Amino acid sequence: MQGISFKDITPLLGDADALQYAVDRMHEHCEPLRPDVIVSVEARGFLLAAPMAYSMGKPLVPVRKQGKLPYQKFSASYDLEYGTDTLQIHRDAISNGQRALIVDDLLATGGTVSATAELVRECGGIIAGYAFLIELAFLDGRNNLSGADIISLITYDS
């Protein structure tokens, strides 16, 4: 799509050493945030959040597109660079006061992760921080996130 910057993480996923390095660095940077749960957005975010949850010994909370979760859920709609979408979380996924680390592969405009943070708060959770493999800083997505640390391993300024 014209005007949209895509970053392909499949070469990283295809290199076991690089993937392990990335997950280990994300874990290392996020450990001081003391999360109780790891929250991630469908689908590429799961690829990083699941091994982080495993390595940190924390539960994984999936946030999915509308209609994919089978139980009682909260919903949040948001704008994308190319349209709108709705995310959902199980109502009982996060206990009141639990610290949630939101993990995704990419921070662009911040719409997806802002909606995810809204869902975490609706469950009664507290945002411990945000972790991304890649940040597209020129899209100013971090300006849509507040009140918690933002960790990005790779930043593109243009």
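That block above? That's the structure.
Parameters and conventions
- Residues numbered from 1 in each chain as written.
- Predicted model: local features only at pLDDT ≥ 70, side-chain atom pairs only at ≥ 80, totals over all residues.
- Heavy atoms only, no water.
- Helix = DSSP H or I, 4+ residues; strand = E, 2+ residues; numbered from the N terminus.
- Expected span 1.5 Å × (residues − 1).
- Contact = heavy atoms within 4.5 Å.
- Core = buried A, V, L, I, M, F, W, Y, C linked by side-chain atoms within 4.5 Å.
- Buried < 20%, exposed > 50% of the residue type's maximum accessible area, 1.4 Å probe, protein only.
- Salt bridge = Lys/Arg side-chain N within 4 Å of Asp/Glu carboxyl O.

1. Quick word on helix α3 (residues 44–56)
With 13 residues, α3 ought to run about 18 Å at 1.5 Å a step, and its terminal C-alpha atoms sit 19 Å apart, in line with that. Looking at the packing, one finds that the buried side of α3 touches α2 (16–30), β1 (37–41), β2 (60–65), β5 (99–107) and β6 (126–136). Positive backbone phi, at 70 degrees, marks G57, one or two positions downstream of α3.

2. Remarks on the nonpolar core
One finds V39, I89, I94, I102 and Y130 to be the most contacted residues of the largest nonpolar core, which totals 26 residues. Counting residues per element, the ones that place at least two in this core are β1, β2, β3 (73–80), β4 (83–90), β5, α4 (111–123) and β6. The leading source of residues in this core is α4, at six residues. The contact partners of I89, leaving out residues within four places of it in the chain, are V61, P62, V63, L69, Q72, K73, F74, I94, L119 and C123. Within the second largest apolar cluster, 22 residues are counted, among which are A22, M26, M52 and A108.

3. Regarding the pattern of salt bridges
Evaluated as defined, the whole model comprises five salt bridges. With a closest N to O distance of 2.8 Å, D105 and R44 form a salt bridge. In this pair, D105 sits in strand β5 while R44 sits in helix α3, placing the two residues 61 residues apart along the sequence. Relative accessible area serves as the criterion here: at 4%, D105 is assigned to the buried category. In this structure, the salt-bridge partner of R142 is E135, at a minimum N-O distance of 2.8 Å. For E135, a relative accessible area of 4% puts it in the buried group.

The values reported here are purely geometric and, on their own, carry no functional implication.
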